[in-house]
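Analysis of the macromolecular model
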Amino acid sequence: GASVIFTDNALSLNNGVFFLEVSDAGEDFLRQWYTDCRSGVWPWADNGCMYEVLLHRVGGERYSGRCAAYREPEYDEKRPEPRTGVQLMRCFNEEMEQLNAGCCGPHRGLNSIALLTGQQDSFNHHPCFELEQSTEFTSAERDKIKDHCFMDGMFLVHSKNRSCAVTSEKRMAELGTRSEL
């Protein structure tokens with residue numbers, strides 16, 4: 001079975017919410033992530049660095065190391081997070097293809113890491129409207145948004161937008177009321 005579970009999609013694997021098994025394999029993944037992310041600054045912070053960790057785990061010596069170019073060696077107070085997240089996302093997806101672990105989900109064939117897709121199985125997606133507002137996506141990437149964004153019925157929305165939090169709070173209250181019946 002899998003020691004780590006993420007939601008995967010054609011735009012961006014996201015670690016905002018993930019499941020980690022309490023096991024040697026789970027600890028090994030977490031330790032590598034922590035160790036490899038201790039220096040420099042990545043786009044999308046820990047998520048960007050996670051891409052690099054996954055590429056090393058999947059490819060080992062076969063991984064070119066190309067995506068590390070998106071890591072800034074030093075923290076810049078004027079620009080706390082590099083603005084190259086979409087480029088890093090593309091690099092990750094291209095490198096995964098090169099390593100015969102192309103998008104998405106179980107097709108990637110990762111040992112001990114499960115990548116879930118689809119409305120019934122996945123979790124932790126960004127709302128469609130947030131993704132559609134981005135001017136950085138190509139038209140091919142835009143065509144994939146509707147297949148990989150949050151829809152009602154999914155487990156969790158991943159957003160900093162207050163309206164999503166308010167909706168989630170209402171839904172949780174309704175669930176609490178139903179469970180009391």
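Above this text is the structure in question.
None of the values given here were measured: they were computed from a predicted structure. (Residues numbered from 1 in each chain as written. Predicted model: local features only at pLDDT ≥ 70, side-chain atom pairs only at ≥ 80, totals over all residues. Heavy atoms only, no water.)

Digging into the state of the cysteines
Here the structure, examined in full by the defined rule, presents two disulfides. Here C37 pairs with C49 through a disulfide, and the sulfurs are 1.8 Å apart. On the sign convention where negative means left-handed, the S-S torsion of about -105° between C37 and C49 marks this disulfide as left-handed. Taken together, the residues C37 in the loop between α1 (24–36) and α2 (46–59) and C49 in helix α2 connect sequence positions 12 residues apart. At a sulfur-sulfur separation of 2.1 Å, the disulfide partner of C67 is C91. On the sign convention where negative means left-handed, the S-S torsion of about -100° between C67 and C91 marks this disulfide as left-handed. Of this pair, C67 sits in the loop between α2 and α3 (85–98) while C91 is found in helix α3, placing the two residues 24 residues apart along the sequence. By relative accessible area, which is 1% here, C67 ends up buried. Look at C91 and you get buried, because its relative accessible area is 1%. (Disulfide = S-S within 2.5 Å. Helix = DSSP H or I, 4+ residues; strand = E, 2+ residues; numbered from the N terminus. Buried < 20%, exposed > 50% of the residue type's maximum accessible area, 1.4 Å probe, protein only.)

Looking at α3
Taking 1.5 Å per residue as the helical rise, α3 with its 14 residues ought to reach 20 Å, and the 20 Å between its terminal C-alpha atoms agrees with that figure. For α3, the set of buried residues is G85, V86, L88, M89, C91, F92, N93, E95 and M96. On its buried face, α3 sits against α2 and α6 (139–145). Phi turns positive, to about 60°, at N100, one or two residues after α3. (Expected span 1.5 Å × (residues − 1). Contact = heavy atoms within 4.5 Å.)

Here we look at α2
Between its terminal C-alpha atoms α2 stretches 20 Å, which fits the 20 Å expected from 14 residues at 1.5 Å a residue. Within α2 the residues assigned to the buried category are N47, G48, C49, M50, Y51, E52, V53, L54, L55, V58 and G59. Buried positions along α2 lie against β1 (4–7), β2 (14–20), α1, α3 and β3 (113–116).

Description of the side chain of N47
The residue N47 is located in helix α2 in this model. In this structure N47 touches S12, L13, N14 and N15, once residues within four positions along its chain are discounted.

Observations concerning the packing of aromatic side chains
Describing an aromatic ring pair means giving the distance of the ring centres and the angle of the ring planes. With the rule as written, the count across this model stands at six aromatic pairs. The interplanar angle of 35° and the centroid separation of 5.3 Å between the aromatic rings of F6 and F18 together place this pair among those described as tilted. With F6 in strand β1 and F18 in strand β2, this residue pair connects regions lying 12 residues apart in the sequence. Exposure remark for F18: the relative accessible area of 25% places this residue in the partly exposed category. When the centroid spacing of 5.3 Å and the interplanar angle of 55° are considered together, the rings of F18 and W33 count as tilted. Residue F18 is found in strand β2, and its partner W33 is found in helix α1; the two are separated by 15 residues along the sequence. An aromatic cluster of at least three residues, connected via ring pairs, comprises F6, F18, F29 and W33. (Phe/Tyr/Trp six-rings, centres within 6.5 Å; stacked < 30°, edge-to-face > 60°.)

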